[in-house]
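An overview of the molecular structure
Residue-level listing of the chains:
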Amino acid sequence: MIVPACRITTLQSMSAWVLSACMLSSLPFQALIGQTATTGILRGRVLDSASGKPLAGATIQLLKASKAAPFAGTVSNAEGFFRFESAPGAYAVIVEFTGYRSFKSASLRISTGQPKDLVSILLVPETVQLQEVIVRAEKSSIQLSLDKRIFNVGMDLANAGGNTLDVLMNIPSVSVDPEGTVRLRGSDNVRILIDGKPSGLVSIKGGSGLNNLPASLVERVEVITNPSARYEAEGNAGVINIVLRKDKRQGFNGSLEVITGQPVNYGLAANFNFRKNKLNFFLNYGIAYRIQPTKGRLRQEFSRNDTVFLMQQKDKAELIGFNNNIRAGLDYFFTEKSVLTAAYLYRRSQGNRRRNFTYEDRLAASNNLLGMFRRTQDENETEPNSEVTLTYKKGFSRKGHELTAEVKYLDYWEHSDQTFVQWPVKPNGEPTGNPSTLQRSLNDEWEKQWLLQTDYVKPFSKEGRWEAGLRSSFRNMVNDYLVNQRNTLGGFDPLPGLDNVFIYDENIQAAYVIVGDRHELLSYQAGLRAEWTDVTTTLAETGQKNARRYGNLFPSGHLNWNLRDDNGIQLSYSRRVRRPVYNDLSPYSTFSDARNFNGGNPDLDPEFSDVLEVGHLKSFAKGSLSSSLYYRSTTDKIERIRKVDKNGNAITQPQNLLSEKAWGIEWTAGWNPYKWWKIDASFNLFQASVDGSNILAAYQTKTTSWFARQTSRFSLKNQLDIQARMNYEAPQRLVQGSRKGYFYTDLSFAKDLLAQKATLTLSILDVFNSRKVIYTFLGPEFRTESMVGFRPRQVNLTFSYRIRQAKGTKTVKILNNE
């Protein structure tokens, strides 16, 4: 049964709040209906009852009063408007939107005549505290709109017991490689935000830092493929915004989660919220102990003096990690439109990594063994990370008129103590008796960042508004790096070039302005962002400095056509940038592998992209389909290039290539063929042409590839849910080689317990152990094939208990008329 819970008001009198469909029947619904000579025209608008903002993509169904089945359906456009044309008669309207209580009107009659004033339907969020009647209102896992897609983490069973990288792996168009690199539409140049802002969780280590953030602390993930000028220009492929859990209802609510898994995955997570009148307190805590085994292999042929040599390498590793995450904050409501928020996040990760390498050197022609040695890595790592945020948001009397100001401070530190032992062995694996090599690496990394931002929005007409903002970022990073090697006397000497302090200072100043308006079925938004970048890198021991200062303009534009028959089209353009960051510029190389080194390039330049996209959204009675055609033109493309010397040692560093031209077409669909069966599917086909002829004439390639994902969820009797997901990424040519295709499947089961207050979830990730990513690299006189960081099948069992919350959402209670 649909619970009537919305507020209705005419645009002329926003103070006329109505809270139930029973009261709705007493309103003069002729104000809702416009008519022509032969048909009636029903027009309306869907808004958020708390903020008054339009809800784009809400599903509206028109039912004949005599039939339960929908007569027609549509979705609200970017400004929340919808429209029906229908023959005269008695009808009812149903409005549904993810995260809000459904609304069903009383019977209303459409008759011929002229359209009249619109009426707004204000949906009540599921987070509103009402009476003591609990309603189970389940969210969709995917919410589609023209400008972004929203993925509700709690509704994806595969996320239970995982971390935030696992969450991203389950999102259409997003992929994560074994080293934690996050890609959107095949590009690793994606900006990852936490609650809309930069975070230390994705700082020095990039997306791999999300491995320490439990999935249970994440509310939803927003994917924005062509952002407006409101967002910082960083990220050519777009923005991924990870929104952490937070509630604002009166009273106390929360959830607890206990996790066990194999390979070892033990965890506990808690989310609590308490609001009393003007004060709201929220707390998220997660603790986890994990043992993550990985393995890899590498086969490399290289030439020297007309002789081809073969190097074969195998490695096995085990990372033992203990992580703590705590996030707490307070909201103080001076009024419902004026809120001050203070939040604190602290994360501490401790880990021990043990890795064993075996190397074999052979003559390729005869396969004769020339030498064999082993190497071990034993690393102890500590990473404390903290963030403090102070935000003030003020709404003015006119709807949509608001001011937001925020100050954020990030403090990150990582200490790494590594010991490497290397010794030659016989073909049977026994030591040869020759001396071993002992090396020790001490590495300390610090990051401190201040972020200041203010945004102002003011309407200038009924539907038009302009907004402007300022942003300042001050970032300082220091890496104190030292590698010692034991000498013949038993002491330790620094290795040449591996004893220095790398300092990275980054200051970015930005300002933007946006103007937008709507006229009938057409709406537009145009914006311009200006950014000034000042980056200086310094090697303290040698006094080497590299300063880069540049200013850029980043225009953006969005044009929407809201067509009839439940269709919407958007044309968008933006200019984006990828700045070389700390790891790209650091001259140090990784030292765990004796033959394969990864380092930065201090001479790297930023890359710039022009992105054009045409999106289409079609809504059906039982689902929706989003499709988009996109084009991206990039200059000075940053790509990691592998080079191999005459001894078979390889170093991989980022280089600027001349350009990349890429286009693609993408479909994302949600469909409910039956009440007990939900299907989500996505497909992305793309082609990219990369010109790296400035590095090597042969480094020019054109590739066509695709990836697809399909999820089915079955809701059976006795509160039992089953979810199956299949993923496939097709082979892809790279500028320096290729990547093989791979397929993997996830399977999950969930059972509600304790009168739906608790859920027991069993998740099996990579059921067939098939998620093996294999690369081939080609270069002057070498060929390398590698499989890195393969993680075996993961099985998690999770028990979650909800305190005054409904499954998959939050508690929904019916408001007392008092």
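Residues numbered from 1 in each chain as written. Predicted model: local features only at pLDDT ≥ 70, side-chain atom pairs only at ≥ 80, totals over all residues. Heavy atoms only, no water.

**Considering the overall build of the protein**
Selection rule: Numbering of helices and strands runs from the N terminus; a helix is a DSSP stretch of H or I covering at least four residues, while a strand is a stretch of E covering at least two. Burial classes follow relative accessibility: with a 1.4 Å probe on protein chains only, a residue under 20% of its type's maximum area counts as buried, one over 50% as exposed, and anything between as partly exposed. Any two residues having at least one pair of non-hydrogen atoms within 4.5 Å are treated as being in contact.
Assigned secondary structure in the protein consists of three helices and 46 strands. Classification of the 818 residues of the protein by burial places 53% in the buried group. Taking the contacts inside the protein whose residues are at least 6 apart along the sequence as the reference set, 66% of them involve residues at least 24 apart.

**Observations regarding the sheet that holds strand β35 (residues 650-656)**
In plain terms, the rule: Note on pairing: two strands pair once DSSP finds at least 2 bridges between them. For helices, the fitted axis covers only the stretch in contact; all axes are lines through C-alpha atoms, and the angles between them, taken along N-to-C directions, range from 0 to 180 degrees.
Taken in spatial order, the three strands make up an open sheet running β31-β35-β34, and their pairing is mixed. This sheet does not close on itself; its edge strands, each paired only once, are β31 (596-598) and β34 (638-644). Geometrically, the sheet is characterised by an average inter-axis angle of 30° between neighbouring strands, direction not taken into account. One ladder, built from three bridges, connects β31 with β35; its direction is parallel. By the bridge assignment, Phe597 is partnered in β35 with Ile651.

**Quick word on the pairing of strand β15 (residues 190-194)**
For β15, the tally of buried residues reaches four of five residues, placing the bulk of the element in the interior. Judged from the five bridges that link them, β15 and strand β17 (residues 238-244) form a sheet pairing that is parallel. Looking at the pairing, Val190 lines up with Gly238 of β17.

**Quick word on unusual backbone geometry**
Phi is mostly negative for residues that are not glycine, and the peptide bonds are mostly trans. Cis rather than trans, the peptide bond between Gln262 and Pro263 has omega equal to -5°. Relative to the assigned elements, Pro263 resides in the loop between β18 (251-262) and β19 (265-276). One non-glycine residue with positive phi stands out, namely Asp306, at about 65°. Note that Asp306 resides in the loop between β20 (279-304) and β21 (307-335). By relative accessible area, which is 84% here, Asp306 ends up exposed. In this structure, Asn769 takes a positive phi of about 50° despite not being glycine.

**Overview of the packing of aromatic side chains**
As a reminder, the rule being used: Stacked, tilted and edge-to-face pairs are distinguished by plane angle, under 30 degrees for stacked and over 60 for edge-to-face with tilted covering the rest, among Phe, Tyr and Trp rings (Trp via its six-membered ring) whose centres lie within 6.5 Å.
In total, this model carries 27 aromatic pairs according to the counting rule given. Considering the side-chain rings of Phe420 and Phe591, the 5.7 Å spacing of their centres and the 70° angle between planes classify their relative orientation as edge-to-face. A residue pair is termed long-range when its members are at least 10 positions apart, and Phe420 in strand β24 (residues 402-424) and Phe591 in the loop between α3 (582-585) and β31 qualify at 171 residues. We note that Phe420, like Phe591, is buried. Pairing Tyr504 with Tyr582 gives two aromatic rings, centres 6.3 Å apart and planes at 85°, and the pair type is edge-to-face. Pair noted here: Tyr504 is in strand β27 (residues 492-519) and Tyr582 is in helix α3, with a separation of 78 residues, a long-range link.

**As for the side chain of Thr341**
Note on placement: Thr341 falls in strand β22 (residues 338-363). The contact partners of Thr341, leaving out residues within four places of it in the chain, are Lys246, Leu330, Asp331, Thr389, Leu390 and Thr391.

**Side note on the nonpolar core**
Worth spelling out the cut-off: Among the buried residues, those of types Ala, Val, Leu, Ile, Met, Phe, Trp, Tyr and Cys that are joined through side-chain atoms within 4.5 Å form a nonpolar core.
Counting residues in hydrophobic clusters, the biggest one holds 26 residues, and the most contacted among them are Leu168, Ile171, Val182, Val221, Ile240 and Ile242. Residue assignment for this core shows that the elements contributing at least two residues are α2 (164-169), β13 (174-176), β14 (182-184), β15, β16 (218-224) and β17. At four residues, the largest contribution of residues to this core is made by α2. Sequence-distant contacts of Leu168, that is, excluding residues within four places in its chain, are made with Val174, Val176, Val182, Leu210, Val221 and Ile240. If you look at the next biggest cluster of nonpolar residues, it comprises 18 residues, including Phe82, Tyr91, Val95 and Phe103.

**So, the pattern of salt bridges**
This is how the line gets drawn: By salt bridge we mean one thing: a side-chain nitrogen of Lys or Arg within 4 Å of a carboxyl oxygen of Asp or Glu.
Overall, the coordinates contain 30 salt bridges when judged by the stated rule. With a shortest N-O distance of 3.5 Å, Glu232 and Arg471 are connected by a salt bridge. Of this pair, Glu232 sits in the loop between β16 and β17 while Arg471 is found in strand β26 (residues 465-486), placing the two residues 239 residues apart along the sequence. On the accessibility criterion, Glu232 (12% relative accessible area) is buried.

**Considerations on the pairing of strand β37 (residues 677-691)**
In the sheet, strand β36 (residues 659-674) pairs with β37 via 14 bridges, with the strands oriented antiparallel. Bridge pairing links Trp671 to Ile679 in β37. Remark: two residues form the turn of the hairpin made by β36 and β37, two consecutive strands paired antiparallel.

**Regarding the confidence of the model for the protein**
Heads up, the rule is: One confidence number per residue, pLDDT, is output by the predictor and ranges from 0 to 100.
Per-residue pLDDT for the protein has a mean of 83; in total, 84% of the residues score no lower than 70. For the stretch residues 1-36, pLDDT sits under 50, and the model shows 109 contacts to residues farther than four places along the chain or on other chains. Across residues 127-140, confidence stays below pLDDT 50; counting only partners more than four residues off in sequence or on other chains, it has 53 contacts.

**A short note on the environment of Pro792**
Tracing the backbone shows Pro792 in the loop between β45 (782-790) and β46 (794-803). Residue Pro792 is classed as partly exposed on the basis of its relative accessible area, which comes to 29%. A C-alpha to C-alpha distance of 8.2 Å links Pro792 and Pro263, two positions 529 residues apart in sequence.

**Section: the environment of Phe81**
One can find Phe81 in strand β6 (residues 81-86). Through-space distance from the C-alpha of Phe81 to that of Ser120 is 8.7 Å; in sequence the pair is 39 residues apart.

**Some thoughts on a positive patch on the surface**
The line we're drawing: Exposure above 30% relative accessible area and the lack of any salt bridge qualify a residue for a patch; like charges then connect within 9 Å, and the nonpolar side chains Val, Leu, Ile, Met, Phe, Trp and Tyr within 5 Å. For accessible areas, the Shrake-Rupley method is used with a probe of radius 1.4 Å. Any residue's cover is judged against the shown protein chains and nothing else. Counted as positive: Lys and Arg. Counted as negative: Asp and Glu, with His and the chain ends omitted from the count. To locate a charge, take atom NZ for lysine, CZ for arginine, CG for aspartate or CD for glutamate.
Taken together, the side chains of Lys295, Arg297, Lys314, Lys316, Lys740, Lys772 and Arg783 define a basic patch exposed on the protein surface. Assignment of secondary structure puts Arg783 in strand β45.

**Here we look at the environment of Asp417**
Following the sequence through the fold, Asp417 ends up in strand β24. Each C-alpha atom, one on Asp417 and one on Thr382, is 9.1 Å from the other, the two residues being 35 residues apart in sequence. Beyond its immediate stretch of four places on either side in the chain, Asp417 contacts Asp378, Glu379, Asn380, Arg440, Ser441 and Leu442.

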